[in-house]
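Topology and contacts: notes
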Amino acid sequence: MRNIIYLQDVSKGYGRKVVLDGVSLAVPEGMVIGLLGTNGAGKTTLLKCLLGLLKVDAGKASILGEDPWHLSAAVKAGIGYVPQGYRPYPWLQAGRLIEYTASFYPQWNTALAAQLVKDWKLDLSVRVDTLSEGELQKLLIILALGHEPPLLVFDEPVASLDPVARREFLKTILDVVAERPCTVLFSTHITSDLERIADTVAVLRAGTIDFCGGIDVLKESVKRVRLYCPTGVLPDMGQEGVINSYVRGQQAILTVRDYSDARRESLEKTFGALVDVEDLNLEEIFLEMNR
Amino acid sequence: MDHNARLYFQISPASGVPIYRQIYDQVKIGIALGKFVAGEFLPSIRDVSKSLEVNPMTVSKAYSSLEKSGIIELVRGQGMRIPVKAEGITMPDRDQERLTLLIKEVINSAQQLSLDEASVVQKLRAIWEEDRHA
């Protein structure tokens, strides 16, 4: 399978501040990948480097097979992008903006756009500058979907949407990926939405990708382990594969990144302890990773 | 056939258990509890994905691991079916499943009360003994 998105050792800073420090990421065709990171982790910078809106300082990047900094019109036509905090053409009515955008794309799907407007109950007569944040977000998503691009890039797509609209958005994306080959990359910090629609998660932390893989894999490998040693005091637990540890006397709580039954047995044997394992959801895993 | 997969599955994305695993467990337990009957077809991957609002890959992963474990079977062109002769899960297995389900509930409640494994096991033994002598 070819990689729709490929980053290798990409670095980017603003002045002296380093934001991306050797990011590598490969996104094959058809993947729905969520980019998770705290505020200021560099999610937006990463997306902008990828789309050629920022020039990388070092490293290699490619999107749909081309260098982001020199994208051809054909590749640009294959991308749907929803940026954050973008309010284009404030004087246009929403409906006029859709028509205007459609005029740039020969492959624009008028019926699809109309359907989305209907599903999302968007009032087309409202001027862009008077749309609420949530309404604007819906409009931008429609503009990104209308030309049915093979690659969708969303920067915090659901941040300003209410729960009803968020669900509507998830449904729309699931429909899109079910109906045609489409790769989706979106940044977020709403982990429950990510769990629903993404098959893969990339965690951006301290300027690099800390984890990239299946959400299932992450959930099955990162576990919280409670140890209780009836016979003595437990030693310091800062060992390989331990994300966080808290030891107090006979008890310890560890968060491990490579849980397995073998690991459990080894903990039981090494420390002569009773071991209890707790599943963590994505949000808890994310918090543990950022502690 | 208009399946609404929400009647079959209840998914909690915020749970620590991966979504594919939740579907897997619910089919398994559903068969054991008689919620799914032999010869019945499961809702299609697409239906499940749409009505539960989860990625189709996730549903597909659940179904293929169920198929690999022999719990369901693929009928070409028709979908996934609970085997007519549900070989994998015979009566004793069903009891096992029920027991697992009950114990899981106890474990969950115990964890909420921050009780450890040892004290739950101890209590179980104590009550068992009491019952026997009663």
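Residues numbered from 1 in each chain as written. Chains lettered and ligands numbered in written order. Predicted model: local features only at pLDDT ≥ 70, side-chain atom pairs only at ≥ 80, totals over all residues.

Helix and strand counts for chain A stand at 10 helices and 13 strands. Sequence-distant contacts in chain A: of pairs separated by 6 or more residues, those separated by 24 or more amount to 69%. (Helix = DSSP H or I, 4+ residues; strand = E, 2+ residues; numbered from the N terminus. Contact = placed C-beta atoms within 7 Å.)

Bringing the interface of chain B and chain A into the picture now. Counting residues at the interface gives 20 residues for chain B and 22 residues for chain A. Those elements giving two or more residues to the side of chain B that touches chain A turn out to be helix H1 (19–32), helix H2 (45–52), helix H3 (56–68) and helix H5 (117–133) of chain B. Its residues placed into classes, the side of chain B that touches chain A shows 10 nonpolar, 5 polar and 5 charged. (Nonpolar A, V, L, I, M, F, W, Y, C, P; charged D, E, K, R; others polar.)

This brings us to the pairing of strand E3 (residues 32–36) of chain A. All names here are of chain A. Among the 5 residues of E3, 5 are classified as buried, and the element is accordingly described as predominantly covered. Alternating residues of E3 divide into Val32, Gly34 and Leu36 and Ile33 and Leu35, and every residue in both groups is buried. Examined bridge by bridge, E3 and strand E7 (residues 183–188) share 5 bridges and lie parallel to one another. Note that in E7 the partner of Ile33 across the bridge is Leu185. (Buried ≥ 20, exposed ≤ 12 C-beta atoms within 10 Å, placed from the backbone. Pairing = 2+ DSSP bridges.)

In many reports, interface size means the accessible area that the parts give up when they come together. When the domains of chain B are assigned, the result is domain 1 (5–81) and domain 2 (91–133). Each of domain 1 of chain B and domain 2 of chain B has a C-alpha centre, and the two are 27 Å apart. (Domains from an automatic or database assignment.)

Here the focus is the sheet that holds strand E2 (residues 17–28) of chain A. Residue and element names in this part refer to chain A. Overall, antiparallel pairing links the 3 strands, which are arranged E2-E1-E4 in an open sheet. Across the chains shown, the open sheet's two edge strands, defined by having one partner strand only, are E2 and strand E4 (58–63). In this sheet, adjacent strand axes meet at a mean angle of 20° when their direction is disregarded. Bridge analysis of strand E1 (residues 3–14) against E2 gives 9 bridges, and the strand direction is antiparallel. Residue Tyr6 lies in a different strand from E2, and its bridge partner there is Ala26. (Axes fitted to C-alpha atoms, helices over the stretch in contact; angles between N-to-C directions.)

A word on the sheet that holds strand E13 (residues 274–279) of chain A. Residues and elements named next belong to chain A. On the basis of which strands lie adjacent, the open sheet formed by 4 strands has the order E11-E12-E10-E13 and antiparallel pairing. On the outer flanks of this sheet lie strand E11 (242–248) and E13, each paired with one strand and no other. The sheet shows a mean angle of 15° between the axes of neighbouring strands, taken without regard to direction. The pairing of strand E10 (residues 223–228) with E13 spans 6 bridges and is classified as antiparallel. Across the sheet, Arg226 pairs through a bridge with Asp276, a residue of E13.

Residue and element names in this part refer to chain B. Helix length check: H3 (13 residues) gives 18 Å between terminal C-alpha atoms against 18 Å at 1.5 Å per residue, within 8%. Along H3, the residues classified as buried are Met57, Thr58, Val59, Lys61, Ala62, Tyr63 and Leu66. Taken together, the buried residues of H3 touch H1, H2 and strand E2 (79–81). Where H3 terminates, the next one or two residues include Gly70, which has phi positive at roughly 75°. (Expected span 1.5 Å × (residues − 1).)

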